[in-house]
Amino acid sequence: MTSILSAPLECLPQLASALTAAERGWPVIPLHPGSKRPAGHAERACPRTGRCNGGHRTPEERATTDSDLIHAAWATRPYNVGIATGPAGLLVIDLDPVKAEEPKGAPDGATSLQALCERAGQVLPDTYRVRTARGEHLYFTAPTGVRLKCSVDRLGPHIDTRAWGGYVVAPGSTTPDGTYEVAHDAPVAELPHWLTALLTEPDRPALAPVRVHDGTRAARVALERECAVIATATDGGRNSTLHRSACKVARFVAWGDIPRHVVEEAIQGAGESTGLPPAECRTTVRSALDWVIAHATPGEAA
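This structure is a prediction, so every number in the text was calculated from the model and none was measured.

1. Topic: the side chain of Glu280
Right, on to step 1. With respect to the element layout, Glu280 can be found in helix α10 (residues 278-295).
Right, on to step 2. Buried within the structure, Glu280 lacks any salt-bridge partner; its nearest side chain of opposite charge belongs to Arg119, at an N-O separation of 4.8 Å.
Right, on to step 3. Excluding residues that lie within four positions of it along the chain, Glu280 makes contacts with Arg119, Asp153, Arg154, Leu155, Gly156 and Asn239.

2. Digging into helix α8 (residues 238-254)
Right, on to step 1. In a regular helix each residue adds 1.5 Å, so 17 residues correspond to 24 Å; α8 covers 24 Å between its end C-alpha atoms and thus fits that length.
Right, on to step 2. Of all 17 residues in α8, twelve are buried; the element is thus mostly enclosed.
Right, on to step 3. Within α8 the residues assigned to the buried category are Arg238, Asn239, Thr241, Leu242, His243, Ser245, Ala246, Cys247, Val249, Ala250, Phe252 and Val253.
Right, on to step 4. Of the surrounding elements, those touching the buried residues of α8 are α7 (217-231), α9 (260-273) and α10.
Right, on to step 5. Phi turns positive one or two residues past the end of α8, at Gly256, with a value near 80°.

3. Observations concerning the environment of Leu69
Right, on to step 1. Following the sequence through the fold, Leu69 ends up in helix α3 (residues 67-74).
Right, on to step 2. The exposure class assigned to Leu69 is partly exposed, which follows from its relative accessible area of 39%.
Right, on to step 3. Excluding anything up to four places from it in sequence, Leu69 contacts Arg51 and Thr64.

4. Section: the confidence of the model for the protein chain
Right, on to step 1. With 90% of its residues at a pLDDT of 70 or more, the protein chain has an overall mean of 87.
Right, on to step 2. Per-residue pLDDT stays below 50 along residues 204-208; that stretch engages in ten contacts with residues further than four places along the chain or on separate chains.

5. What to know about the pairing of strand β3 (residues 90-95)
Right, on to step 1. The element β3 is largely enclosed, with a buried count of six among its six residues.
Right, on to step 2. Side chains Leu90, Val92 and Asp94 project from β3 onto one buried face, and the interleaved Leu91, Ile93 and Leu95 project onto a second face that is buried too.
Right, on to step 3. With six bridges connecting them, β3 and strand β5 (residues 136-141) associate as antiparallel partners. What sits directly across from Leu90, in β5, is Thr141.

6. A word on the packing of helix α1 (residues 12-23) against α3
Right, on to step 1. Orientation of α1 relative to α3, taken along the N-to-C sense of each, is 160°, at an axis distance of 10 Å. Judged on the interaxial angle alone, α3 and α1 are roughly antiparallel. Judged by the twist between their axes, the crossing of α1 over α3 is right-handed. Residue-level contacts link Gln14, Leu15, Ala18, Leu19 and Ala22 of α1 to Ser67, Ile70, His71 and Trp74 of α3.

7. Re the environment of His32
Right, on to step 1. Note that His32 resides in the loop between β1 (28-31) and α2 (59-62).
Right, on to step 2. Look at His32 and you get partly exposed, because its relative accessible area is 23%.
Right, on to step 3. Separated by 45 residues in sequence, His32 and Arg77 have C-alpha atoms that sit 8.8 Å apart.
Right, on to step 4. Setting aside anything within four residues of it in sequence, one finds His32 in contact with Arg37, Pro38, Ala39, Arg77, Tyr79 and Asn80.

8. Details of the packing of aromatic side chains
Right, on to step 1. Going through the model one piece at a time under the given rule, you end up with five aromatic pairs.
Right, on to step 2. Between the aromatic rings of Trp74 and Tyr79, the centroid separation amounts to 6.4 Å while the plane-to-plane angle is 85°, which identifies the pairing as edge-to-face.
Right, on to step 3. For Arg24, the ring lying beneath its charged end belongs to Tyr128, and the centroid distance is 4.6 Å.

9. Focus: the pattern of salt bridges
Right, on to step 1. Enumeration according to the criterion identifies seven salt bridges in this entry.
Right, on to step 2. For Asp185, the salt bridge is made with Arg24, and the minimal N-O distance between the two is 3.4 Å. Of this pair, Asp185 sits in the loop between β11 (181-184) and β12 (189-190) while Arg24 sits in the loop between α1 and β1, and the two are 161 residues apart along the sequence.
Right, on to step 3. For Asp185, a relative accessible area of 60% translates into the label exposed.
Right, on to step 4. On the basis of relative accessibility, which here comes to 38%, the residue Arg24 falls in the partly exposed class.
Right, on to step 5. With a closest N to O distance of 3.3 Å, Glu136 and Arg129 form a salt bridge.

10. Quick word on the nonpolar core
One recurring pattern in soluble globular proteins: nonpolar side chains tend to sit buried together.
Right, on to step 1. By size, the foremost hydrophobic cluster in this structure holds 28 residues, and its most contacted members are Trp26, Val28, Ile70, Trp74, Ile83, Leu90 and Tyr139.
Right, on to step 2. Among the elements of the structure, α1, β1, α3, β2 (80-84), β3 and β8 (167-169) are those that each provide at least two residues to this core.
Right, on to step 3. Listed in part, the 25 residues of the second largest apolar core include Leu223, Ile258, Val263 and Cys281.

About the thresholds
- Residues numbered from 1 in each chain as written.
- Predicted model: local features only at pLDDT ≥ 70, side-chain atom pairs only at ≥ 80, totals over all residues.
- Heavy atoms only, no water.
- Helix = DSSP H or I, 4+ residues; strand = E, 2+ residues; numbered from the N terminus.
- Buried < 20%, exposed > 50% of the residue type's maximum accessible area, 1.4 Å probe, protein only.
- Lys, Arg positive; Asp, Glu negative; His and termini not counted.
- Salt bridge = Lys/Arg side-chain N within 4 Å of Asp/Glu carboxyl O.
- Contact = heavy atoms within 4.5 Å.
- Expected span 1.5 Å × (residues − 1).
- pLDDT = per-residue confidence, 0-100.
- Pairing = 2+ DSSP bridges.
- Axes fitted to C-alpha atoms, helices over the stretch in contact; angles between N-to-C directions.
- Parallel < 35°, antiparallel > 145°, perpendicular 65-115°, else oblique.
- Left-handed = near helix turned anticlockwise from the far one by under 90°.
- Phe/Tyr/Trp six-rings, centres within 6.5 Å; stacked < 30°, edge-to-face > 60°.
- Lys NZ or Arg CZ within 6 Å of the ring centre and 35° of its normal.
- Core = buried A, V, L, I, M, F, W, Y, C linked by side-chain atoms within 4.5 Å.

Okay, structure coming up:
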């Protein structure tokens, strides 16, 4: 086995991180130095040699715990380290901050997760946590017998999950936004059953087009249009779309052009039609309406 000391000095922190992950049984992949993008070739440029001799292998398929392969990779460049969550048997909850273009008062990932736990009457178990460059990763052991995939915003605004088909940046890696560091070095807990249920519940059938009878014509048209936008949202952006559309229609509520309960019922139904849990829809819609109504300028033009 190659000694860790034989690697170039600038590669040692990332090499140590990769070996630590591999010792835990978590297969790793090299990421471009200072980046979150996997290193290596794309499928269109695959030479069909070496580890791809039998056909192109994705980064997830190339992930390894083999210390010799890890030494060989990190002896050449200070690659950042990615952990292939699916093969590692992990489900990682990724909590992100609010984007700059979002309305003031929009919840970040940590706030959304806290609200989700409160609605469910649950407390998350103590587990291994990593402070990311912009948020936090919560590591959980994936449930047996269930092949969980990655998700975006399914649990709430700015809550992503990484499982099969994805990876997370490991501690010790550095990007222009900052360094990934272990925030809480506890044993990795099992993913709670109630979270597994939320991540595996089937999508609901789409609703028929909304027809609104109360309110001014402009308000009715806006509400119907935004309900249609919500109903066609993809799995990766359902909650953020729900929040954005609710904010747009909330102006008409603030101006007295349409009753609040009409908007809440219509947008709630559109949100549920995408597969979002009812409680999550309610929280998102009410949060959007409350903020916009409190800050809308009276008499502002639509």
